[in-house]
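Spelled out, the chains give:
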Amino acid sequence: MKKLSLASQIFIGLILGIIVGAIFYGNETAQNFLQPFGDIFLRMIKMIVVPIIVSSLIVAVAGVGDLKAVGKLGAKSLSYFVVVTTIAIAVGLISANIIQPGAGVNMNKLEQTDISTYVDTAETKQHESFVDTLVHIVPSNPVKAMVEGDMLAIIFFSVLFGLSISAIGEKGKPVFRFFQGTAEGMFYLTNMVMKFAPIGVFALIGVTISKFGLESLIPLGKLALSVYGTMIFFVIVILGLIAKFVGFNIFTLIKLLKEELILAFSTASSEAVLPRIMEKMEKAGCPKHIATFVIPTGYSFNLDGSTLYQALAAIFIAQMYGIDLSAYEQITLMLVLMITSKGIAGVPGVSFVVLLATLGTVGIPIEGLAFIAGIDRILDMGRTVVNVIGNSLAAIVISKWEGQFNKREVVNSMNNLNGKIS
């Protein structure tokens, strides 16, 4: 009997979770039973993310050993992130103006959800200047940054430490081997944790459907369809063109990442697949130092799905309140979103926090977010998938840009999946 692949197991868990969630819609006992299984899986993922990033990045940077090369890689990555997230915001704005998802929505028929926790976080964010964000990248205590999962601070420390190990030559080799062994051990642990993924996915999607139900999408159905339709367009057309420009095929990438994309969709957590996509993109032809630098950095600076959604949701709320934003106001909104969406990937409910910190600048009532908070989890599932595809493609683009992409590895990876490279 042929053994089911992990992707098939996760997909079965997803379908069963939807069925069980629908059967036990509104049943708190079922939710309380399933929730711990989902929480355990997410905690297991969080347990391995920081050690993998630290050890992999230190090994990758120490292997390069060139401050100039690392600086060049960082500059290219950030330039690419700014361009693509700007395009994502523009696509979200254009889509909202064409589809008009908020026009004619009766707010009296919509349920409001408590968003006070997001408001507190957003107020803190609003008081931070761009300079404060830059200062915060440098950790005063690297251990504290690791405990708090402060991704940018972790990356900053790991890069400098990797360069330092390389600079001291022979003395640094035992330390290099330690982190090399740690990285390999953590990737092995990741594969062990992933065996629990189908159960985790089943529980998480079961709780989501049981809490919100598919009926919750009906009053805001036009918004949900607009968000998902626009994200599909962005992946196939925009990211597809970027991939084609560097000689790659977006559908090949999606096929390579099918397990991770199902998992990202089910958990609505990019973190859940971070270790796996770093490993997969390395096996797919990206050099280790590029994959381990670009992908974690992209989690803070290259959230294509999130920025697209933020732009579309902002216009939706304006339309719902009958506010007609001028072209100037929409450009202002785009510029503000570009700044507020950077560097806060570790904040819970990041898209809501960014919107709360942004809407007031163009006169959109932040209270409008309470009307869409109820279906945010379901929309978050889609934008997480786009974030994962965007960051995986970024690793390929930067590898190609650096002239270090190994196409033969892609062929091998696709052969392992019994597919064909386009």
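This text goes with the structure placed above it.
Residues numbered from 1 in each chain as written. Predicted model: local features only at pLDDT ≥ 70, side-chain atom pairs only at ≥ 80, totals over all residues. Heavy atoms only, no water.

Peer 1: Would you mind going over the overall build of the chain in detail, with residue names and values included?
Peer 2: Counting its secondary structure elements, the chain contains 20 helices and zero strands. Sorting the 422 residues of the chain into buried and exposed places 52% on the buried side. Taking as baseline every contact in the chain between residues at least 6 positions apart, the subset at least 24 positions apart corresponds to 85%. Summed over all atoms, the accessible surface of the chain reaches about 19000 Å², with 64% contributed by carbon and sulfur. (Helix = DSSP H or I, 4+ residues; strand = E, 2+ residues; numbered from the N terminus. Buried < 20%, exposed > 50% of the residue type's maximum accessible area, 1.4 Å probe, protein only. Contact = heavy atoms within 4.5 Å. Areas by Shrake-Rupley, 256 points an atom, 1.4 Å probe, with all protein chains shown as cover.)

Peer 1: Which residues make up helix H3 (residues 67–99), and what values go with them?
Peer 2: Spanning 33 residues, H3 covers 48 Å between terminal C-alpha atoms, matching the ideal 48 Å at 1.5 Å per step. Taken from the residues just after H3, Gln100 is the one with a positive phi, measuring 55 degrees. (Expected span 1.5 Å × (residues − 1).)

Peer 1: Let's hear about the pattern of salt bridges: which residues, and what values?
Peer 2: Considering all chains together, one arrives at ten salt bridges under this definition. A salt bridge links Arg276 to Glu260; its shortest N-O distance comes to 3.1 Å. Remark: Glu260 occurs in helix H12 (residues 258–267) and Arg276 occurs in helix H13 (residues 274–283); sequence separation between them is 16 residues. In this structure, Arg276 and Glu260 share a single accessibility class: buried. Residue Arg383 is joined to Asp380 by a salt bridge in which the shortest nitrogen-to-oxygen separation is 3.2 Å. Highlighted residues: Arg383 and Asp380, both in helix H19 (residues 376–401), separated by three residues, approximately one helical turn. A relative accessible area of 3% places Arg383 in the buried class. (Salt bridge = Lys/Arg side-chain N within 4 Å of Asp/Glu carboxyl O.)

Peer 1: Let's hear about unusual backbone geometry: which residues, and what values?
Peer 2: We note that Gln100 has phi near 55 degrees; this positive angle belongs to a residue other than glycine. Residue placement: Gln100 occurs in the loop between H3 and helix H4 (116–126). Here Gln100 falls in the partly exposed class, since its relative accessible area comes to 32%. Even without glycine at this site, Ala268 takes up a positive phi of about 55 degrees. By the element assignment, Ala268 lies in the loop between H12 and H13.

Peer 1: Break down the packing of aromatic side chains for me, with residues and values.
Peer 2: The tally for this structure, following the rule as stated, stands at seven aromatic pairs. Ring geometry for Phe41 and Phe196: centres 6.3 Å apart, planes at 40 degrees, overall tilted. Here Phe41 is found in helix H2 (residues 28–64), whereas its partner Phe196 is found in the loop between helix H8 (173–194) and helix H9 (197–212), with 155 residues between them in sequence. Here Phe41 falls in the buried class, since its relative accessible area comes to 0%. Considering the side-chain rings of Phe248 and Phe405, the 5.9 Å spacing of their centres and the 90 degrees angle between planes classify their relative orientation as edge-to-face. With Phe248 in the loop between helix H10 (221–245) and helix H11 (250–256) and Phe405 in the loop between H19 and helix H20 (407–416), this pair connects stretches of sequence that are 157 residues apart. Phe405 shares its class with Phe248; the two are buried. Taken together, Phe157, Phe161, Phe178 and Phe179 form an aromatic cluster joined through their ring pairs. Residue placement shows Arg383 over the ring face of Tyr309; its charged tip is 4.2 Å from the ring centre. (Phe/Tyr/Trp six-rings, centres within 6.5 Å; stacked < 30°, edge-to-face > 60°. Lys NZ or Arg CZ within 6 Å of the ring centre and 35° of its normal.)

Peer 1: Kindly report on the nonpolar core, identifying the contributing residues and their values.
Peer 2: Among the nonpolar cores identified, the biggest contains 125 residues, and Tyr80, Phe234, Leu239, Leu253, Val294, Ile372 and Leu393 are the most heavily contacted of them. Broken down by element, this core gets its largest block of residues, 14 residues, from H2. Leu239 has contacts with Val84, Phe234, Ile250, Asp304, Ile389, Gly390 and Leu393, leaving out every residue within four places of it along the chain. (Core = buried A, V, L, I, M, F, W, Y, C linked by side-chain atoms within 4.5 Å.)

Peer 1: Just give me the short version of a nonpolar patch on the surface, but keep the residues and values in it.
Peer 2: Nonpolar side chains collect at one region of the surface, where Leu4, Phe11, Ile12, Ile15, Leu16, Ile19, Ile23 and Phe24 lie side by side and expose about 710 Å² of accessible area between them. Here Ile15 is to be found in helix H1 (residues 6–23). By relative accessible area, which is 35% here, Ile15 ends up partly exposed. (Patch = residues over 30% accessible without salt bridge, like charges linked within 9 Å, V, L, I, M, F, W, Y side chains within 5 Å.)

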